[in-house]
Amino acid sequence: PGLAFVGFDCCSCCISFRSITSRVEQNTVNVQTKTKDNVFVTCKVAVQQSVRPENAYDAMYKLANVREQIESYVSDVVRSSVPHMLLDEAFEKKDDISEAVQKKLEAE
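Residues numbered from 1 in each chain as written. Predicted model: local features only at pLDDT ≥ 70, side-chain atom pairs only at ≥ 80, totals over all residues. Heavy atoms only, no water.

*Asks:* Tell me about the overall build of the protein, and please be specific about residues and values.
*Replies:* Counting secondary structure elements, the protein contains 4 helices and 4 strands. Ordered by position in the sequence, the α and β elements of the protein form the string β-β-β-β-α-α-α-α. For the protein, with 108 residues in total, the buried portion stands at 22%. Pairs at least 24 apart in sequence give 52% of the contacts found in the protein among residues at least 6 apart. A total of about 8100 Å² of accessible surface is found on the protein, and carbon and sulfur atoms cover 50% of it. (Helix = DSSP H or I, 4+ residues; strand = E, 2+ residues; numbered from the N terminus. Buried < 20%, exposed > 50% of the residue type's maximum accessible area, 1.4 Å probe, protein only. Contact = heavy atoms within 4.5 Å. Areas by Shrake-Rupley, 256 points an atom, 1.4 Å probe, with all protein chains shown as cover.)

*Asks:* Please set out the pattern of salt bridges residue by residue, giving values where relevant.
*Replies:* Inspection of the entire model under this criterion finds 1 salt bridge. As a salt-bridge pair, Lys93 and Glu89 come within 4.0 Å of each other at their nearest N and O atoms. Residue Glu89 is classed as partly exposed on the basis of its relative accessible area of 25%. (Salt bridge = Lys/Arg side-chain N within 4 Å of Asp/Glu carboxyl O.)

*Asks:* Any chance you could break down the side chain of Ser75 for me, citing the residues and the numbers?
*Replies:* Locating Ser75 in the fold gives a position in helix H2 (residues 66–81). Of the residues examined, Ser75 reaches a relative accessible area of 9% and is grouped as buried. Within the structure, the side chain of Ser75 is placed 2.9 Å from the backbone oxygen of Glu71, a separation counted as a polar contact. Apart from residues no more than four positions distant in its own chain, Ser75 is found in contact with Val29 and Val31. (Polar contact = N/O pair within 3.5 Å; in protein donor to acceptor, adjacent residues only side chain to side chain.)

*Asks:* An account of H2 is requested, with residue identities and associated values reported.
*Replies:* Given 3.6 residues to a turn, an α-helix orients residues that are three or four positions apart in the same direction. Here H2 contains 16 residues, and its C-alpha end-to-end distance of 23 Å stays within 8% of the 22 Å for a straight helix at 1.5 Å per residue. Turning to H2, its buried residues are Ile70, Val74, Ser75, Val77, Val78 and Ser81. Buried positions in H2, seen along its axis, are confined to an arc of 165° and lie on one side of it. Considering only its buried residues, H2 is in contact with strand E3 (25–34), strand E4 (40–49) and helix H4 (94–107). (Expected span 1.5 Å × (residues − 1). Arc of directions from axis to C-beta.)

*Asks:* Hey, could you go over unusual backbone geometry for me, with residue numbers and the actual values?
*Replies:* Although it is not a glycine, Asn38 adopts a positive phi angle of roughly 60°. With respect to the helices and strands, the residue Asn38 is situated in the loop between E3 and E4. Under the relative-accessibility criterion, Asn38 is labelled exposed at 54%.

Below, the structure written as C-alpha cells:
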C-alpha cells in the first residue's frame, strides 16, 4: 500500500525497475532573489510532498525528476513575487508567498 513498483519481469529477471513511496518527503529549496529596495535575500522554502495513491501512475510516468521540478516551480514563484516587495514586506507576506507556492504546485 505504501510503495508502487514499475518494471518488466522476464524469467524472474526484473528489467527497468522504479519505485515510488507514498510517505511524506521534504525538499528544501534555497532561492536567492532581489527585493524592490535592492536587497539580496536568500529564501529557504521547505516543501513537503507525498504521492496520492490515485495519482501513482502519473507520478511514475509523468515526472522525470521530482526534486528538480519542484525546485523549479518554487523558484519561479518566489522570484516572481519577492522582487515586487520591500524587504520588510517580504517578511510580513511570507504566508502569501507560501500560499502562492502551494497553488502552483497543486496546479502542476
